[in-house]
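# Analysis of the macromolecular model
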Amino acid sequence: MGLLKNIFGSSAAHAAVTQLPSGSITVDRAGEIVSSTVSSAYPAELLRTVGKEVLALLHEAHVAQMPLAEVSIHFAVLRITARELRGGAIIFLFPQTALSPISN
Amino acid sequence: MEVQHKILVLDDDADWLELSREMLAQLPSKPEVRTATSGKRALAMLDAEPFRLIICDLKMPRIDGLQVLAIVRRRYPELRTVVLSALEDEDFRSRAYALGVDMFWLKTEMQGHLQMYLDCLESLLGRDQDGGFRGIQSKGLMDIIQMECLARSSTVLRVTRGSLVARLWIQDGELTDAEAEGARGETAFLRMLTWKSGTFENLPAEPNRERTIFKPVNALLLESAQAIDENDGSAVEASGETVQVHRRTVWKLSLLARAGAEFVVAVPPDGQGVPEALGTEAQTVGQYAHWTRRATESIKRMGDAVDAGPLLHLDANNLERRLLLIPWEHKNFLVGWSPETSEGLLEKTKKLVASWDS
(Lines give C-alpha, C1' and ligand atoms only; values in the text may rest on other atoms or scores of the structure.)
Protein backbone atom coordinates (compact mmCIF):
# COMPACT_ATOMS: atom_id res chain seq x y z
CA MET A 1 0.00 0.00 0.00
CA GLY A 2 2.68 2.47 1.00
CA LEU A 3 4.59 1.68 -2.19
CA LEU A 4 1.51 2.30 -4.34
CA LYS A 5 0.86 5.58 -2.57
CA ASN A 6 4.41 6.69 -3.27
CA ILE A 7 4.11 5.77 -6.94
CA PHE A 8 0.74 7.39 -7.59
CA GLY A 9 1.25 10.26 -5.16
CA SER A 10 -2.38 10.18 -4.08
CA SER A 11 -1.82 11.60 -0.62
CA ALA A 12 0.10 14.58 -1.98
CA ALA A 13 -2.57 15.35 -4.55
CA HIS A 14 -5.41 15.44 -2.03
CA ALA A 15 -6.19 18.23 0.37
CA ALA A 16 -6.54 17.45 4.06
CA VAL A 17 -10.21 16.57 4.07
CA THR A 18 -11.92 13.71 5.77
CA GLN A 19 -15.28 12.05 5.42
CA LEU A 20 -17.87 13.32 7.84
CA PRO A 21 -17.81 11.47 11.16
CA SER A 22 -20.47 8.81 11.53
CA GLY A 23 -21.20 6.86 14.70
CA SER A 24 -21.38 7.68 18.39
CA ILE A 25 -19.05 8.85 21.13
CA THR A 26 -19.40 8.94 24.90
CA VAL A 27 -17.66 11.74 26.75
CA ASP A 28 -17.07 12.14 30.48
CA ARG A 29 -17.72 15.33 32.43
CA ALA A 30 -14.26 16.65 31.45
CA GLY A 31 -15.01 16.18 27.77
CA GLU A 32 -12.63 13.23 27.35
CA ILE A 33 -13.80 10.47 25.03
CA VAL A 34 -14.66 7.32 26.94
CA SER A 35 -15.86 5.21 24.04
CA SER A 36 -16.35 5.70 20.34
CA THR A 37 -17.76 3.90 17.33
CA VAL A 38 -16.55 6.56 14.90
CA SER A 39 -13.91 5.36 12.45
CA SER A 40 -10.43 5.54 13.95
CA ALA A 41 -9.34 7.31 10.76
CA TYR A 42 -11.31 10.36 11.91
CA PRO A 43 -9.12 12.80 13.89
CA ALA A 44 -9.69 12.28 17.63
CA GLU A 45 -8.96 15.96 18.28
CA LEU A 46 -12.01 16.99 16.26
CA LEU A 47 -14.21 14.55 18.15
CA ARG A 48 -12.92 15.97 21.43
CA THR A 49 -13.88 19.47 20.19
CA VAL A 50 -17.39 18.22 19.44
CA GLY A 51 -17.60 16.59 22.87
CA LYS A 52 -16.45 19.70 24.72
CA GLU A 53 -18.74 22.06 22.84
CA VAL A 54 -21.75 19.80 23.37
CA LEU A 55 -21.00 19.63 27.10
CA ALA A 56 -20.65 23.42 27.22
CA LEU A 57 -24.00 23.78 25.48
CA LEU A 58 -25.71 21.43 27.95
CA HIS A 59 -24.00 23.11 30.91
CA GLU A 60 -25.13 26.58 29.78
CA ALA A 61 -28.68 25.25 29.56
CA HIS A 62 -28.47 24.29 33.27
CA VAL A 63 -27.22 27.79 34.08
CA ALA A 64 -30.18 29.26 32.18
CA GLN A 65 -32.46 27.03 34.29
CA MET A 66 -33.70 24.99 31.36
CA PRO A 67 -31.80 21.70 31.61
CA LEU A 68 -32.06 19.72 28.38
CA ALA A 69 -32.52 15.96 28.19
CA GLU A 70 -31.67 15.74 24.52
CA VAL A 71 -30.42 18.14 21.91
CA SER A 72 -30.14 17.75 18.12
CA ILE A 73 -28.00 20.16 16.12
CA HIS A 74 -28.83 20.17 12.42
CA PHE A 75 -25.99 21.47 10.28
CA ALA A 76 -26.20 21.60 6.50
CA VAL A 77 -24.37 18.28 6.15
CA LEU A 78 -24.30 16.75 9.62
CA ARG A 79 -26.72 16.10 12.47
CA ILE A 80 -25.39 15.82 16.00
CA THR A 81 -27.71 14.41 18.65
CA ALA A 82 -26.64 14.41 22.29
CA ARG A 83 -28.12 13.07 25.52
CA GLU A 84 -26.85 14.08 28.92
CA LEU A 85 -25.45 11.26 31.09
CA ARG A 86 -24.42 12.01 34.67
CA GLY A 87 -22.36 15.04 33.77
CA GLY A 88 -21.05 13.50 30.58
CA ALA A 89 -22.94 12.83 27.37
CA ILE A 90 -23.53 10.33 24.62
CA ILE A 91 -23.27 11.96 21.22
CA PHE A 92 -24.51 10.54 17.92
CA LEU A 93 -23.16 11.82 14.61
CA PHE A 94 -25.24 11.36 11.46
CA PRO A 95 -23.92 12.67 8.12
CA GLN A 96 -26.76 14.32 6.18
CA THR A 97 -25.53 13.80 2.67
CA ALA A 98 -26.99 12.83 -0.64
CA LEU A 99 -25.96 9.25 0.10
CA SER A 100 -27.51 9.00 3.53
CA PRO A 101 -31.17 9.58 4.36
CA ILE A 102 -31.91 13.08 5.59
CA SER A 103 -34.04 13.20 8.68
CA ASN A 104 -35.44 16.10 10.60
CA MET B 1 -6.44 41.47 -22.21
CA GLU B 2 -9.41 39.19 -21.75
CA VAL B 3 -9.17 36.87 -18.76
CA GLN B 4 -9.80 33.20 -19.40
CA HIS B 5 -11.72 31.91 -16.39
CA LYS B 6 -11.34 28.40 -15.09
CA ILE B 7 -14.27 26.12 -14.32
CA LEU B 8 -13.97 22.99 -12.22
CA VAL B 9 -16.57 20.31 -12.82
CA LEU B 10 -16.93 17.71 -10.08
CA ASP B 11 -18.88 14.55 -10.79
CA ASP B 12 -18.19 10.86 -10.17
CA ASP B 13 -19.57 9.98 -13.62
CA ALA B 14 -16.78 10.18 -16.21
CA ASP B 15 -19.25 10.19 -19.12
CA TRP B 16 -21.07 13.17 -17.63
CA LEU B 17 -17.77 15.01 -17.22
CA GLU B 18 -17.02 14.48 -20.87
CA LEU B 19 -20.49 15.74 -21.80
CA SER B 20 -19.99 18.76 -19.53
CA ARG B 21 -16.76 19.63 -21.32
CA GLU B 22 -18.60 19.65 -24.63
CA MET B 23 -21.43 21.79 -23.25
CA LEU B 24 -19.14 24.29 -21.54
CA ALA B 25 -17.08 24.63 -24.73
CA GLN B 26 -20.14 26.48 -26.12
CA LEU B 27 -19.80 29.31 -23.58
CA PRO B 28 -18.93 32.59 -25.33
CA SER B 29 -16.07 33.40 -22.91
CA LYS B 30 -14.38 30.05 -23.71
CA PRO B 31 -13.34 29.19 -20.15
CA GLU B 32 -10.75 26.56 -19.33
CA VAL B 33 -12.61 23.49 -18.08
CA ARG B 34 -11.02 21.10 -15.61
CA THR B 35 -12.66 18.03 -14.13
CA ALA B 36 -12.47 15.93 -10.98
CA THR B 37 -14.17 12.66 -10.12
CA SER B 38 -13.91 12.94 -6.32
CA GLY B 39 -14.38 15.60 -3.67
CA LYS B 40 -10.85 15.13 -2.38
CA ARG B 41 -9.36 15.61 -5.79
CA ALA B 42 -11.50 18.71 -6.41
CA LEU B 43 -10.44 20.31 -3.11
CA ALA B 44 -6.80 19.56 -3.87
CA MET B 45 -7.19 21.27 -7.26
CA LEU B 46 -8.83 24.29 -5.65
CA ASP B 47 -5.93 24.49 -3.19
CA ALA B 48 -3.40 24.35 -6.00
CA GLU B 49 -4.82 26.93 -8.43
CA PRO B 50 -7.52 29.60 -8.59
CA PHE B 51 -10.85 28.78 -10.19
CA ARG B 52 -13.75 31.07 -10.96
CA LEU B 53 -16.56 28.54 -10.76
CA ILE B 54 -17.20 25.04 -9.51
CA ILE B 55 -20.04 22.89 -10.85
CA CYS B 56 -20.70 20.15 -8.37
CA ASP B 57 -22.77 16.98 -8.37
CA LEU B 58 -24.43 16.02 -5.07
CA LYS B 59 -24.55 12.24 -4.96
CA MET B 60 -20.99 10.98 -4.88
CA PRO B 61 -19.29 8.21 -2.91
CA ARG B 62 -17.22 8.96 0.21
CA ILE B 63 -17.27 12.76 0.26
CA ASP B 64 -20.48 13.92 -1.32
CA GLY B 65 -21.32 17.23 -2.98
CA LEU B 66 -22.94 18.86 0.05
CA GLN B 67 -19.85 18.25 2.15
CA VAL B 68 -17.60 19.58 -0.59
CA LEU B 69 -19.75 22.70 -0.84
CA ALA B 70 -19.69 23.22 2.93
CA ILE B 71 -15.88 23.20 2.78
CA VAL B 72 -15.69 25.28 -0.39
CA ARG B 73 -17.97 28.04 0.92
CA ARG B 74 -15.76 28.41 3.99
CA ARG B 75 -12.36 28.15 2.33
CA TYR B 76 -13.06 29.96 -0.95
CA PRO B 77 -15.89 32.46 -0.38
CA GLU B 78 -15.20 34.19 -3.72
CA LEU B 79 -15.65 31.01 -5.74
CA ARG B 80 -18.95 30.82 -7.63
CA THR B 81 -20.79 27.58 -6.89
CA VAL B 82 -23.30 25.69 -8.98
CA VAL B 83 -25.03 22.46 -8.04
CA LEU B 84 -25.95 20.20 -10.91
CA SER B 85 -27.80 17.17 -9.66
CA ALA B 86 -30.27 14.52 -10.69
CA LEU B 87 -31.86 14.57 -7.22
CA GLU B 88 -35.32 16.11 -7.55
CA ASP B 89 -35.75 16.77 -3.88
CA GLU B 90 -36.72 20.16 -2.42
CA ASP B 91 -34.80 19.36 0.76
CA PHE B 92 -31.52 19.08 -1.14
CA ARG B 93 -32.30 22.28 -3.01
CA SER B 94 -32.91 24.22 0.20
CA ARG B 95 -29.86 22.67 1.86
CA ALA B 96 -27.71 23.71 -1.07
CA TYR B 97 -29.06 27.27 -0.95
CA ALA B 98 -28.54 27.29 2.83
CA LEU B 99 -24.88 26.62 2.08
CA GLY B 100 -24.86 29.73 -0.11
CA VAL B 101 -24.60 28.21 -3.59
CA ASP B 102 -25.24 30.56 -6.50
CA MET B 103 -27.39 28.22 -8.56
CA PHE B 104 -29.08 24.83 -8.29
CA TRP B 105 -29.87 23.10 -11.57
CA LEU B 106 -31.39 19.70 -12.28
CA LYS B 107 -29.69 17.44 -14.79
CA THR B 108 -33.14 16.38 -15.94
CA GLU B 109 -33.91 19.98 -16.97
CA MET B 110 -30.76 20.20 -19.03
CA GLN B 111 -32.11 18.87 -22.30
CA GLY B 112 -34.87 21.41 -22.74
CA HIS B 113 -33.11 24.39 -21.21
CA LEU B 114 -29.46 24.08 -22.15
CA GLN B 115 -29.20 27.62 -23.48
CA MET B 116 -30.67 29.09 -20.29
CA TYR B 117 -28.20 27.03 -18.23
CA LEU B 118 -25.28 28.29 -20.31
CA ASP B 119 -26.52 31.90 -20.06
CA CYS B 120 -26.66 31.59 -16.27
CA LEU B 121 -23.13 30.18 -16.16
CA GLU B 122 -21.82 32.92 -18.43
CA SER B 123 -23.43 35.48 -16.17
CA LEU B 124 -21.83 33.93 -13.09
CA LEU B 125 -18.43 33.87 -14.79
CA GLY B 126 -18.48 37.47 -15.92
CA ARG B 127 -20.25 39.37 -13.18
CA ASP B 128 -17.33 41.20 -11.57
CA GLN B 129 -15.45 41.63 -14.80
CA ASP B 130 -18.41 43.27 -16.53
CA GLY B 131 -19.11 45.58 -13.59
CA GLY B 132 -22.48 43.98 -12.85
CA PHE B 133 -24.01 43.39 -9.46
CA ARG B 134 -24.31 40.35 -7.32
CA GLY B 135 -27.37 40.20 -5.12
CA ILE B 136 -30.29 42.60 -5.17
CA GLN B 137 -30.68 43.39 -1.50
CA SER B 138 -31.82 46.96 -2.11
CA LYS B 139 -34.65 45.95 -4.44
CA GLY B 140 -38.07 44.89 -3.28
CA LEU B 141 -40.24 42.25 -4.81
CA MET B 142 -42.22 44.93 -6.67
CA ASP B 143 -39.04 46.12 -8.41
CA ILE B 144 -38.07 42.59 -9.42
CA ILE B 145 -41.50 41.87 -10.87
CA GLN B 146 -41.51 45.16 -12.76
CA MET B 147 -38.06 44.41 -14.18
CA GLU B 148 -39.15 40.96 -15.36
CA CYS B 149 -42.31 42.35 -16.98
CA LEU B 150 -40.53 45.28 -18.62
CA ALA B 151 -37.99 42.87 -20.07
CA ARG B 152 -40.92 40.89 -21.56
CA SER B 153 -39.56 37.78 -19.85
CA SER B 154 -41.18 34.39 -19.75
CA THR B 155 -40.28 32.74 -16.50
CA VAL B 156 -41.49 31.29 -13.24
CA LEU B 157 -40.28 33.38 -10.33
CA ARG B 158 -39.87 31.29 -7.20
CA VAL B 159 -39.70 33.45 -4.08
CA THR B 160 -38.70 31.99 -0.73
CA ARG B 161 -39.00 33.57 2.67
CA GLY B 162 -37.88 30.99 5.21
CA SER B 163 -40.27 28.12 4.82
CA LEU B 164 -42.78 30.25 2.93
CA VAL B 165 -42.62 29.65 -0.79
CA ALA B 166 -44.44 31.56 -3.51
CA ARG B 167 -44.43 31.25 -7.28
CA LEU B 168 -45.23 33.79 -9.96
CA TRP B 169 -45.84 32.82 -13.55
CA ILE B 170 -44.81 35.46 -16.07
CA GLN B 171 -45.39 34.89 -19.77
CA ASP B 172 -44.12 37.37 -22.38
CA GLY B 173 -43.97 40.09 -19.72
CA GLU B 174 -47.50 39.49 -18.45
CA LEU B 175 -48.31 38.17 -15.02
CA THR B 176 -50.51 35.11 -15.55
CA ASP B 177 -50.70 33.27 -12.23
CA ALA B 178 -49.46 33.30 -8.63
CA GLU B 179 -49.39 30.89 -5.71
CA ALA B 180 -48.54 31.81 -2.10
CA GLU B 181 -49.45 30.59 1.37
CA GLY B 182 -52.21 28.31 0.06
CA ALA B 183 -53.80 31.03 -2.09
CA ARG B 184 -53.83 31.41 -5.85
CA GLY B 185 -54.28 34.23 -8.33
CA GLU B 186 -54.53 37.90 -7.32
CA THR B 187 -54.95 37.05 -3.62
CA ALA B 188 -51.68 35.12 -3.63
CA PHE B 189 -49.93 37.91 -5.51
CA LEU B 190 -51.07 40.60 -3.08
CA ARG B 191 -50.16 38.39 -0.13
CA MET B 192 -46.59 37.80 -1.28
CA LEU B 193 -46.07 41.51 -1.91
CA THR B 194 -46.24 42.06 1.84
CA TRP B 195 -43.05 40.03 2.28
CA LYS B 196 -40.23 42.39 3.09
CA SER B 197 -37.31 40.14 2.24
CA GLY B 198 -36.43 36.73 0.88
CA THR B 199 -34.62 35.05 -1.96
CA PHE B 200 -35.77 34.43 -5.47
CA GLU B 201 -34.77 32.32 -8.44
CA ASN B 202 -35.88 32.11 -12.02
CA LEU B 203 -37.24 28.75 -13.11
CA PRO B 204 -38.00 27.75 -16.69
CA ALA B 205 -41.20 29.24 -18.11
CA GLU B 206 -44.42 27.21 -18.13
CA PRO B 207 -46.36 28.58 -21.11
CA ASN B 208 -49.19 26.06 -20.68
CA ARG B 209 -50.02 27.17 -17.12
CA GLU B 210 -53.68 28.07 -16.68
CA ARG B 211 -54.13 31.84 -16.47
CA THR B 212 -55.83 33.16 -13.33
CA ILE B 213 -54.65 36.79 -13.33
CA PHE B 214 -56.04 39.06 -16.03
CA LYS B 215 -55.37 42.53 -14.62
CA PRO B 216 -52.24 44.32 -15.87
CA VAL B 217 -49.34 43.92 -13.47
CA ASN B 218 -48.95 47.69 -13.00
CA ALA B 219 -52.58 47.99 -11.87
CA LEU B 220 -52.03 45.23 -9.30
CA LEU B 221 -48.79 46.78 -8.06
CA LEU B 222 -50.51 50.14 -7.70
CA GLU B 223 -53.40 48.62 -5.74
CA SER B 224 -50.98 46.85 -3.45
CA ALA B 225 -48.82 49.95 -2.90
CA GLN B 226 -51.91 52.03 -2.07
CA ALA B 227 -53.13 49.44 0.43
CA ILE B 228 -49.72 49.34 2.15
CA ASP B 229 -49.50 53.16 2.25
CA GLU B 230 -53.00 53.46 3.72
CA ASN B 231 -52.17 50.96 6.45
CA ASP B 232 -48.91 52.73 7.35
CA GLY B 233 -50.48 56.19 7.13
CA SER B 234 -53.48 55.47 9.33
CA ALA B 235 -51.26 54.03 12.04
CA VAL B 236 -49.05 57.13 12.12
CA GLU B 237 -52.02 59.52 12.02
CA ALA B 238 -53.84 57.82 14.91
CA SER B 239 -51.26 58.50 17.59
CA GLY B 240 -47.83 58.01 16.18
CA GLU B 241 -45.23 55.42 16.94
CA THR B 242 -46.81 53.98 20.08
CA VAL B 243 -49.80 52.73 18.15
CA GLN B 244 -47.55 51.08 15.58
CA VAL B 245 -45.53 49.35 18.29
CA HIS B 246 -48.74 48.22 19.95
CA ARG B 247 -50.10 46.91 16.65
CA ARG B 248 -46.88 45.02 15.98
CA THR B 249 -47.02 43.43 19.42
CA VAL B 250 -50.65 42.41 18.96
CA TRP B 251 -49.80 41.00 15.54
CA LYS B 252 -46.93 38.97 16.96
CA LEU B 253 -49.02 37.71 19.85
CA SER B 254 -51.67 36.57 17.41
CA LEU B 255 -48.96 34.79 15.40
CA LEU B 256 -47.77 33.07 18.57
CA ALA B 257 -51.31 32.02 19.49
CA ARG B 258 -52.17 30.79 16.00
CA ALA B 259 -49.00 28.73 15.80
CA GLY B 260 -49.55 27.35 19.32
CA ALA B 261 -46.05 28.21 20.55
CA GLU B 262 -45.40 29.01 24.22
CA PHE B 263 -42.81 31.72 23.69
CA VAL B 264 -40.44 33.34 21.21
CA VAL B 265 -37.15 35.06 22.02
CA ALA B 266 -35.52 36.91 19.11
CA VAL B 267 -31.84 37.49 19.86
CA PRO B 268 -29.84 39.99 17.79
CA PRO B 269 -26.03 39.70 17.60
CA ASP B 270 -24.07 41.07 20.58
CA GLY B 271 -24.13 44.85 20.73
CA GLN B 272 -26.84 45.20 18.08
CA GLY B 273 -29.93 45.73 20.14
CA VAL B 274 -31.79 43.99 22.93
CA PRO B 275 -33.56 40.63 22.73
CA GLU B 276 -37.25 40.78 21.95
CA ALA B 277 -39.49 38.25 23.67
CA LEU B 278 -43.15 37.34 23.84
CA GLY B 279 -44.86 34.69 25.94
CA THR B 280 -42.20 34.40 28.63
CA GLU B 281 -41.54 36.14 31.94
CA ALA B 282 -39.31 39.18 31.91
CA GLN B 283 -36.63 37.65 34.19
CA THR B 284 -36.17 34.56 32.02
CA VAL B 285 -35.70 36.51 28.77
CA GLY B 286 -32.13 37.43 29.71
CA GLN B 287 -31.32 33.81 30.60
CA TYR B 288 -32.78 32.45 27.37
CA ALA B 289 -31.04 35.11 25.30
CA HIS B 290 -27.72 34.40 27.02
CA TRP B 291 -28.07 30.65 26.37
CA THR B 292 -29.02 31.29 22.75
CA ARG B 293 -25.88 33.38 22.21
CA ARG B 294 -23.59 30.90 23.97
CA ALA B 295 -25.15 27.93 22.19
CA THR B 296 -24.75 29.49 18.75
CA GLU B 297 -21.10 30.28 19.53
CA SER B 298 -20.50 26.63 20.56
CA ILE B 299 -22.32 25.38 17.48
CA LYS B 300 -20.29 27.61 15.18
CA ARG B 301 -17.03 26.29 16.66
CA MET B 302 -18.25 22.72 16.22
CA GLY B 303 -19.42 23.31 12.65
CA ASP B 304 -16.12 24.93 11.69
CA ALA B 305 -14.11 22.11 13.28
CA VAL B 306 -15.84 19.31 11.38
CA ASP B 307 -16.71 21.29 8.20
CA ALA B 308 -20.40 20.60 8.69
CA GLY B 309 -21.64 23.83 7.11
CA PRO B 310 -23.90 26.41 8.73
CA LEU B 311 -26.48 25.67 11.41
CA LEU B 312 -29.94 25.03 10.01
CA HIS B 313 -31.65 24.60 13.35
CA LEU B 314 -31.33 23.11 16.83
CA ASP B 315 -34.02 20.97 18.39
CA ALA B 316 -33.97 20.25 22.13
CA ASN B 317 -36.32 18.96 24.76
CA ASN B 318 -36.84 18.38 28.45
CA LEU B 319 -39.86 17.35 30.50
CA GLU B 320 -41.40 20.81 30.36
CA ARG B 321 -41.09 21.77 26.72
CA ARG B 322 -39.51 21.43 23.33
CA LEU B 323 -37.20 24.14 22.08
CA LEU B 324 -36.20 25.12 18.59
CA LEU B 325 -33.37 27.49 17.84
CA ILE B 326 -33.31 28.87 14.30
CA PRO B 327 -31.02 31.50 12.79
CA TRP B 328 -32.99 33.94 10.64
CA GLU B 329 -31.82 37.21 9.07
CA HIS B 330 -28.99 38.12 11.49
CA LYS B 331 -31.05 37.08 14.52
CA ASN B 332 -31.34 33.81 16.37
CA PHE B 333 -34.83 32.78 17.40
CA LEU B 334 -35.51 30.51 20.35
CA VAL B 335 -39.06 29.17 20.22
CA GLY B 336 -40.61 27.15 23.05
CA TRP B 337 -43.36 24.60 22.46
CA SER B 338 -45.36 22.36 24.72
CA PRO B 339 -43.87 18.82 24.92
CA GLU B 340 -47.05 17.41 23.35
CA THR B 341 -46.50 19.37 20.15
CA SER B 342 -44.63 17.22 17.68
CA GLU B 343 -46.43 17.20 14.34
CA GLY B 344 -44.71 19.51 11.85
CA LEU B 345 -42.92 21.39 14.60
CA LEU B 346 -40.01 22.51 12.45
CA GLU B 347 -42.27 23.79 9.67
CA LYS B 348 -44.45 25.64 12.19
CA THR B 349 -41.38 27.24 13.75
CA LYS B 350 -39.98 28.29 10.40
CA LYS B 351 -43.27 29.89 9.38
CA LEU B 352 -43.56 31.70 12.71
CA VAL B 353 -40.02 33.05 12.45
CA ALA B 354 -40.41 34.00 8.78
CA SER B 355 -43.56 36.00 9.56
CA TRP B 356 -42.13 37.64 12.70
CA ASP B 357 -40.80 40.86 11.16
CA SER B 358 -43.24 40.99 8.24
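Keep in mind that this is a model prediction, so the values were computed, not measured. (Residues numbered from 1 in each chain as written. Chains lettered and ligands numbered in written order. Predicted model: local features only at pLDDT ≥ 70, side-chain atom pairs only at ≥ 80, totals over all residues.)

This brings us to the overall build of chain A. Counting secondary structure elements, chain A contains 3 helices and 5 strands. The order of helices and strands in chain A, counted from the N terminus, is α-α-β-β-α-β-β-β. The buried share of chain A, taken over its 104 residues, is 35%. Considering only contacts within chain A whose residues lie at least 6 apart along the sequence, 42% involve residues at least 24 apart. (Helix = DSSP H or I, 4+ residues; strand = E, 2+ residues; numbered from the N terminus. Buried ≥ 20, exposed ≤ 12 C-beta atoms within 10 Å, placed from the backbone. Contact = placed C-beta atoms within 7 Å.)

Assigned secondary structure in chain B consists of 11 helices and 15 strands. Residue burial in chain B is summarised as follows: out of 358 residues, 33% are buried. Sequence-distant contacts in chain B: of pairs separated by 6 or more residues, those separated by 24 or more amount to 57%.

Glancing now at the pairing of strand β4 (residues 80-85) of chain B. Residues and elements named next belong to chain B. When you tally the buried positions in β4, you get 6 out of 6 residues, the bulk of the element. Every second residue of β4 is oriented toward a common face, with Arg80, Val82 and Leu84 on one face and Thr81, Val83 and Ser85 on the other, all of them buried. Direction of pairing for strand β3 (residues 53-56) relative to β4: parallel, over a ladder of 4 bridges. Residue pairing across strands places Ile54 opposite Thr81, the latter belonging to β4. Pairing analysis gives 4 bridges linking β4 to strand β5 (residues 103-106), with the strands arranged parallel. Along β5, the bridge assignment pairs Leu84 with Trp105. You can see the chain leave β4, run along helix α4 (residues 90-98) and come back into β5, and the turn it takes is right-handed. (Pairing = 2+ DSSP bridges. Right-handed = clockwise from strand over helix to strand, strands pointing away.)

A word on the interface of chain A and chain B. Taken residue by residue, the interface counts 35 residues in chain A and 46 residues in chain B. Among the secondary structure elements, those contributing two or more residues to the side of chain A that touches chain B are α3 (44-63) and β3 (70-75) of chain A. Among the elements that line the side of chain A that touches chain B, the one with the most residues is α3(A), at 8 residues. Grouping the constituent residues of the side of chain A that touches chain B by class yields 24 nonpolar, 8 polar and 3 charged. (Nonpolar A, V, L, I, M, F, W, Y, C, P; charged D, E, K, R; others polar.)

With that settled, consider the sheet that holds strand β13 (residues 311-317) of chain B. Reading across from one edge, β2(A)-β1(A)-β5(A)-β4(A)-β3(A)-β13(B)-β14(B)-β15(B)-β11(B)-β12(B) is the order of the 10 strands in this open sheet, with antiparallel pairing throughout. The sheet is open, and its two borders are formed by β2 (33-36) of chain A together with β12 (276-278) of chain B, each paired with just one other strand. Recorded for the sheet is a direction-independent mean angle of 15 degrees between the axes of neighbouring strands. For strand β11 (residues 263-267) of chain B and β12(B), the ladder comprises 3 bridges, and the chain directions are antiparallel. The partner of Val265(B) across the bridge, within β12(B), is Ala277(B). Docked against the sheet, helix α10 (residues 282-306) of chain B engages β3 and β4 (78-85) of chain A together with β11, β12, β13, β14 (322-328) and β15 (331-337) of chain B, running at close to 60 degrees with respect to β11(B). Running over the sheet, helix α11 (residues 345-356) of chain B touches β11, β13, β14 and β15 of chain B and is turned about 45 degrees from β14(B). (Axes fitted to C-alpha atoms, helices over the stretch in contact; angles between N-to-C directions.)

Turning to the environment of Leu46(B), a few remarks are in order. Topologically, Leu46(B) is positioned in helix α2 (residues 39-48). Sequence spacing of Leu46(B) and Val72(B) is 26 residues, and the spatial spacing of their C-alpha atoms is 8.7 Å.

Moving on: unusual backbone geometry. Glycine aside, the phi torsion of most residues is negative, and most peptide linkages are trans. Not every positive phi belongs to a glycine, and Gln65(A) is a case in point at roughly 60 degrees. Mapped onto the fold, Gln65(A) is located in the loop between α3 and β3. Judged by C-beta crowding, with 11 C-beta atoms within 10 Å, Gln65(A) ranks as exposed. The backbone of Lys30(B) shows a phi angle near 45 degrees, a positive value even though the residue is not glycine.

So, on to the pairing of β15(B). Looking along a regular strand, one sees the side chains alternate between the two faces of the sheet. Residue and element names in this part refer to chain B. Taken across its 7 residues, β15 has 7 buried, putting it largely inside the fold. Alternating positions in β15 separate into two faces, Lys331, Phe333, Val335 and Trp337 on one and Asn332, Leu334 and Gly336 on the other, with burial throughout. In the sheet, β11 pairs with β15 via 5 bridges, with the strands oriented antiparallel. Residue pairing for β15: Ala266 is matched across the bridge by Phe333. Inspection of the sheet shows β14 paired to β15 by 7 bridges, in the antiparallel sense. Across the sheet, Trp328 pairs through a bridge with Lys331, a residue of β15. What sits between the antiparallel neighbours β14 and β15 is a turn of 2 residues, in which Glu329 has the positive phi angle 45 degrees.

This part covers the environment of Ala261(B). All names here are of chain B. Tracing the backbone through its elements, the reader meets Ala261 in the loop between α9 (241-259) and β11. Since 23 C-beta atoms lie within 10 Å of it, Ala261 is described here as buried. Non-local contacts of Ala261, meaning those with residues more than four positions away in its chain, are made with Leu256, Gly279, Val335, Gly336, Trp337 and Leu352.

Residue and element names in this part refer to chain B. Taken together, 5 strands build an open sheet; the order of strands is β2-β1-β3-β4-β5 and the sheet is parallel. Each end of this open sheet is capped by a strand with a single partner; those strands are β2 (32-36) and β5. When the angles between neighbouring strand axes are averaged without regard to direction, this sheet yields 20 degrees. With 5 bridges connecting them, strand β1 (residues 6-10) and β2 associate as parallel partners.

All right, on to the packing of α3(A) against α10(B) then. Between α3(A) and α10(B), the least distance of the axes is 9 Å, while the angle of their chain directions is 170 degrees. Put simply, α3(A) runs roughly antiparallel to α10(B). Residues Leu46(A), Thr49(A), Val50(A), Glu53(A), Ala56(A), Leu57(A), Glu60(A) and Ala61(A) of α3(A) form the contact with α10(B), whose participating residues are Trp291(B), Arg294(B), Ala295(B), Ser298(B), Arg301(B), Met302(B), Ala305(B) and Val306(B). Its residues assigned to classes, the contact of α3(A) with α10(B) comprises 10 nonpolar, 2 polar and 4 charged. (Parallel < 35°, antiparallel > 145°, perpendicular 65-115°, else oblique.)

The next point concerns the confidence of the model for chain B. All names here are of chain B. When pLDDT is averaged across chain B, the result is 82; 89% of the residues are at 70 or more. Contacts of residues 128-135 to residues separated by more than four positions or lying in other chains number 3 contacts, the stretch itself having pLDDT below 50. Overall fold confidence for the complex sits at a pTM of 0.69, while the interface term, ipTM, reaches 0.83. (pLDDT = per-residue confidence, 0-100.)

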